[in-house]
Amino acid sequence: MSNFMAGFSTFLIGILMVFIALLLLIVLIQCVGKVIGNMEQQKTVATPVTPVTPVMEPKKVVEEPVVVVDDCEIVAVIASVIALSLGTTTDKLQVKSLRRIR
Amino acid sequence: MNTMDVLVQSIANFAAESGFMRLNFGYIVMIVIACVLLYLAIAKGFEPLLLVPIAFGILLVNLPGIGIKDEGGLMYYLSLGKDLGIYPPLIFIGVGAMTDFGPLIANPKSLLLGAAAQIGIFVAFLGALLIGFTPEQAAAIGIIGGADGPTSIYTATKLAPELLGAIAVAAYSYMALVPVIQPPVMRMLTSKENRMIKMEQLRPVSSTEKIVFPIIVTISVTLLLPSAGTLVGMLMFGNLLKEVKSTSRLAEVASNGLMSTITILLGLSVGTSTSADKFLTVETLGILCLGLFAFVIGTGTGVVFGNIMCNMTGKKVNPLIGAAGVSAVPMAARVVQKVGQQENPSNFLLMHAMGPNVAGVIGSAIAAGVMLSIYS
């Protein structure tokens, strides 16, 4: 029983020490993060910014060719990549829906 | 004596010296255990990199007459690295070189979850005392709850070398069984609504912060708790090699060649420390039960603390990430991701769980340091 009582104090000291050590680390990480953040911010501010006078050049109007993207082609490419990673063929896969996220 | 007698005598001698004649029930049980572990590792994919060397070591040492662990045998010498506490810190260099502490630096509060999950260690320690283990043995057994193999081995070599085999097998088995043990505990202690919480994206961490971090941790932890300095220091050394661009070559060696070599040596050494006469005891059964208990309690306290943080932050923290506070890196974080996605398929908790997960590594090393400072 005396072992258990001594052990109980180890239990309390142990938990306390783990929390103290990790709380100390939290404080240190936050402080270091702030100091480094400030230093990096000052660096970007201190970098001399040479004024750039915008030179207006006559813009050549180039008509870019409009690329018509074929959705079916994209579906085929995605399906074949998935098939490749699954080690199967596209005819065994069924694409039920495809949604473009902008 | 005619030729026939000589031949018969020779065959009799050969048969008497063969392993078959020396096989007993204990050896057979251990060979079966080794084969089951090999099956789990190879066929089921349970931590094969660890379990294959350990299981093969168990198999080797339990083939009677091999003498691999006797003085002069191969494993007698290779095991010195484990017995003298050399391999675990070397493994930690590799672990450090493979670990990204970015999620922890971005969200330092996750260190609290890493601390909470260590409560399992101390609860199991009390349990072991109640069962009748000595305080040193109880301390070594409790560390299993940290789910950190190298730390468990390191502590056991210092405090209870006689239990090393059982402790190492328990620690690595539970690490391998993280995906089986943790999810029921996680679900039991969280509500469906909380499990579905999506967390905000972590801030980007600058390379300067990542370089300063290992230095700061080494200095502060070692000054506070010198006995934890070896493990934490090696972990942070490996991490520093990773973060400093000019030492990337060393980091690569630490995370690949060194890590693999030491894993093989440590695995075989651990395996060969489980000879039938030492392993098949009631004590081993007690250690396996206490290890599981410690692991479950550690997971539970991590999740409970996750719930507390969830409520205090106005549901901004998913309590599941508390389960990653046990240090099994990165399995525990992967389990959090999996359980989180089962509730909400569009939820990605992996990076959020990596914070408590790597905090758990530091936490269990600190807990081991506390035990060592009190009992060694």
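Because the structure is predicted, anything quoted here is derived from the model rather than measured.

The rules we used
In every chain, residue numbers begin from 1 and rise along the written sequence. Written order decides the labels, with chains lettered from A and ligands numbered from 1. Selection of residues for local features in this predicted model requires a pLDDT of at least 70, selection of side-chain atom pairs for listing and counting requires 80 or more, and totals for whole chains, interfaces and linings are taken over all residues. Each side-chain value is derived from all of the structure's non-hydrogen atoms; neither hydrogens nor water enter the calculation. Definitions used throughout: a 1 Å grid over protein atoms alone; a cavity as a set of points that fits a 1.4 Å probe which cannot get out; a pocket as an open set with protein on both sides within 12 Å along at least five of seven lines; a lining residue as one with an atom within 4 Å of a point. Grid points are joined across faces, edges and corners, and a volume is the space filled by probe spheres set on the points. In this text, helices come from DSSP runs of H or I with a minimum length of four residues, and strands from runs of E with a minimum of two, each type numbered from the N-terminal end. Note on residue categories: nonpolar means Ala, Val, Leu, Ile, Met, Phe, Trp, Tyr, Cys or Pro, charged means Asp, Glu, Lys or Arg, and polar means any other residue, Gly included. We define a salt bridge as a contact between a side-chain nitrogen of Lys or Arg and a carboxyl oxygen of Asp or Glu at a distance within 4 Å. Exposure classes here rest on a 1.4 Å probe applied to the protein chains alone. A residue is buried below 20% of its type maximum, exposed above 50%, and partly exposed in between. Throughout, a contact is declared for two residues whenever any of their heavy atoms are within 4.5 Å. Buried area adds together the accessible area that both of two parts lose upon being put together, with accessible area traced by a 1.4 Å probe. Side-chain atoms alone can form a polar contact between residues adjacent in sequence; in general such a contact is a pair of N or O atoms within 3.5 Å, and within protein one must be able to donate a hydrogen while the other accepts it. Angles here are taken between N-to-C directions and fall from 0 to 180 degrees, while the axes themselves are lines fitted to C-alpha atoms, restricted in helices to the stretch in contact. Should an angle lie under 35 degrees it is considered roughly parallel, over 145 roughly antiparallel, and from 65 to 115 roughly perpendicular; all remaining angles are considered oblique.

Engineer: How do you make sense of the layout of surface pockets when you look at a structure like this?
Structural biologist: A probe as big as a water molecule, rolled over the atoms, marks out the empty space that is left. Of the voids in this model, the largest pocket is the one considered here, and its volume is about 1000 Å³. In this model, the second largest pocket occupies a volume close to 450 Å³. Taken together, 20 residues line the second largest pocket, and the ones lying closest to its centre are Ala106, Asn107, Pro108, Lys109 and Leu202 of chain B. Counting residues per element, the ones that place at least two in the lining of the second largest pocket are helix 1 (2-46) of chain A together with helix 8 (102-106) of chain B. With 4 residues, helix 1 of chain A is the largest single contributor of residues to the lining of the second largest pocket. A class-by-class count of the residues in the lining of the second largest pocket yields 8 nonpolar, 6 polar and 6 charged.

Engineer: So what exactly am I meant to see when it comes to the pattern of salt bridges here?
Structural biologist: Oppositely charged side chains may form a pair once their charged atoms are brought near each other. All names here are of chain B. In the structure shown here, the tally under the stated rule is 6 salt bridges over all chains. Close ionic contact of Asp100 with Lys210 constitutes a salt bridge, the shortest N to O distance being 3.3 Å. With Asp100 in the loop between helix 7 (87-98) and helix 8 and Lys210 in helix 16 (residues 207-224), the pair connects residues that are 110 residues apart, well separated along the chain. Taking the relative accessible area as the measure of exposure, Asp100 reaches 27% and is therefore partly exposed. Taking relative accessible area as the criterion, Lys210 reaches 19% and is therefore assigned buried. Residue Glu343 is joined to Lys192 by a salt bridge in which the shortest nitrogen-to-oxygen separation is 2.9 Å. Here Glu343, found in helix 21 (residues 331-343), pairs with Lys192, found in helix 15 (residues 192-195); they are 151 residues apart in sequence, far enough to count as distant. Salt bridges linked by common partners bring Lys192, Arg195 and Glu343 together as one network.

Engineer: What am I meant to see in the interface of chain A and chain B here?
Structural biologist: Size of an interface, as often reported, equals the accessible area lost when the parts are brought together. Taken together, the contact between chain A and chain B spans 25 residues of the former and 37 residues of the latter. Across the interface of chain A and chain B, roughly 2700 Å² is buried in total on both sides, 88% from carbon and sulfur atoms. Together, Phe19, Leu22 and Ile29 of chain A form the three largest contributors to the area buried by chain A at its contact with chain B, with a combined 21%. Where chain A touches chain B, the interface holds 0 salt bridges. Here chain A and chain B share 2 residue pairs in polar contact (both at pLDDT 80 or more) between them. A per-class count over the side of chain A that touches chain B returns 18 nonpolar, 6 polar and 1 charged.

Engineer: Teacher, can you tell me more about the packing of helix 11 (residues 135-142) of chain B against helix 12 (residues 149-159) of chain B here?
Structural biologist: Helix-helix packing is described using two parameters, namely the angle between the two axes and the distance between the axes. Residue and element names in this part refer to chain B. Axis separation between helix 11 and helix 12 bottoms out at 8 Å; the angle between their running directions is 170°. As far as their axial angle goes, helix 12 and helix 11 are roughly antiparallel. The segment helix 11 lies against helix 12, with Glu136, Ala139 and Ala140 engaging Thr155, Ala156 and Leu159. For the contact of helix 11 with helix 12, a count of residues per class yields 4 nonpolar, 1 polar and 1 charged.

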